[in-house]
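# Inside the fold
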Amino acid sequence: MGAKRSNRFMNQLYLNQPSHADQDLVEEPDSLFEEWTSPISLVFEPKYKALWEPFIDVTEEQQKRLLEERAPKVVKQRVTRDQVRLNKLMRNSLVKNRDSEVLLETEKELLDFVQGKSPKGEKQTLYFTSNHVATKNSTQLKILFYQDYHRLLAHAISRYYNLESHSIDCDTQRVFVVTMSKNHRMPPVALTDYLKQF
């Protein structure tokens, strides 16, 4: 007898035994489908129907108004180009580096400076060394970036936040200096949110 014929014979013996066949066929369908209900049937249950019917009975405009009232309020404030003093080179540099750690750290350092949270004295990070200097006439933040390109990003960030910035020679290095102007105003959204528009 061949392998196929032998397997068929064994299967036939198994199926002809009443105890196995009855047991398998009876248990399976009940355990699989007994407790399942359609999600649509929930609408017709009395407790949900009471909530649903007043909504159905009003006009489409009233339905929209009800949905708008109950929807979470998401305010997306868009910054227009005339609100931001960035030239094309600065904006492109910021957009290209919007997820970089140096941009995020520099923005945080400048915001801390603007909000008065920047500690006096020297601070060192992976990308720069900063020094918050207070004099009688002004408060300055001096940052020595380890790469020149990061200094360009800092100028763009300070420009976005309406801060006065320039670079000076200090020994053999260029140092980024930012000063808060008298007519300083914060933009409507943070730089990272502004860059998501591009």
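Everything below is about the structure shown above.
Anyway, here's the lowdown on the structure attached to this text. (Residues numbered from 1 in each chain as written. Predicted model: local features only at pLDDT ≥ 70, side-chain atom pairs only at ≥ 80, totals over all residues. Heavy atoms only, no water.)

### Notes on the packing of helix 5 (residues 88–96) against helix 7 (residues 148–160)
Interaxial distance between helix 5 and helix 7 falls to 9 Å at its minimum, and their mutual angle equals 110°. With respect to their mutual orientation, helix 5 and helix 7 come out roughly perpendicular. Residues M90, S93, L94 and K96 of helix 5 pack against Y149, L152, L153, H155, A156, I157 and R159 of helix 7. Grouping the constituent residues of the contact of helix 5 with helix 7 by class yields 7 nonpolar, 2 polar and 2 charged. (Axes fitted to C-alpha atoms, helices over the stretch in contact; angles between N-to-C directions. Helix = DSSP H or I, 4+ residues; strand = E, 2+ residues; numbered from the N terminus. Parallel < 35°, antiparallel > 145°, perpendicular 65-115°, else oblique. Contact = heavy atoms within 4.5 Å. Nonpolar A, V, L, I, M, F, W, Y, C, P; charged D, E, K, R; others polar.)

### Section: the side chain of E109
Examined against the element boundaries, E109 turns out to sit in helix 6 (residues 101–114). Since its relative accessible area comes to 3%, E109 is described here as buried. Once residues lying within four places of it in the same chain are set aside, the contact partners of E109 are S118, K123, F128, S130, L141 and I143. (Buried < 20%, exposed > 50% of the residue type's maximum accessible area, 1.4 Å probe, protein only.)

### Thoughts on unusual backbone geometry
Phi is positive for N162, which is not a glycine, with a value near 60°. For N162, a relative accessible area of 9% gives the class buried. Within the chain, D171 stands out as a residue other than glycine whose phi angle is a positive 60°. Structurally, D171 can be placed in the loop between strand 4 (164–170) and strand 5 (173–179).

### Structural notes on the environment of Y146
Its place among the elements puts Y146 in the loop between strand 3 (139–145) and helix 7. Linking Y146 and T129, residues 17 residues apart in sequence, is a C-alpha distance of 8.2 Å. Beyond its immediate stretch of four places on either side in the chain, Y146 contacts Q124, T125, L126, Y127, F128 and T129. Among the polar contacts made by the side chain of Y146, one reaches the side chain of Q124 at a distance of 3.3 Å. (Polar contact = N/O pair within 3.5 Å; in protein donor to acceptor, adjacent residues only side chain to side chain.)

### Focus: the nonpolar core
In this structure, L94 and L191 are the most contacted members of the largest nonpolar core, which totals 28 residues. Sorting the residues of this core by element identifies helix 5, helix 6, strand 3, helix 7, strand 5 and helix 8 (191–195) as the ones contributing at least two each. Of the residues forming this core, the biggest block, 6 residues, is contributed by helix 6. Setting aside chain neighbours within four positions, we find L94 in contact with L86, L103, L153, A156, I157, L191 and L195. (Core = buried A, V, L, I, M, F, W, Y, C linked by side-chain atoms within 4.5 Å.)

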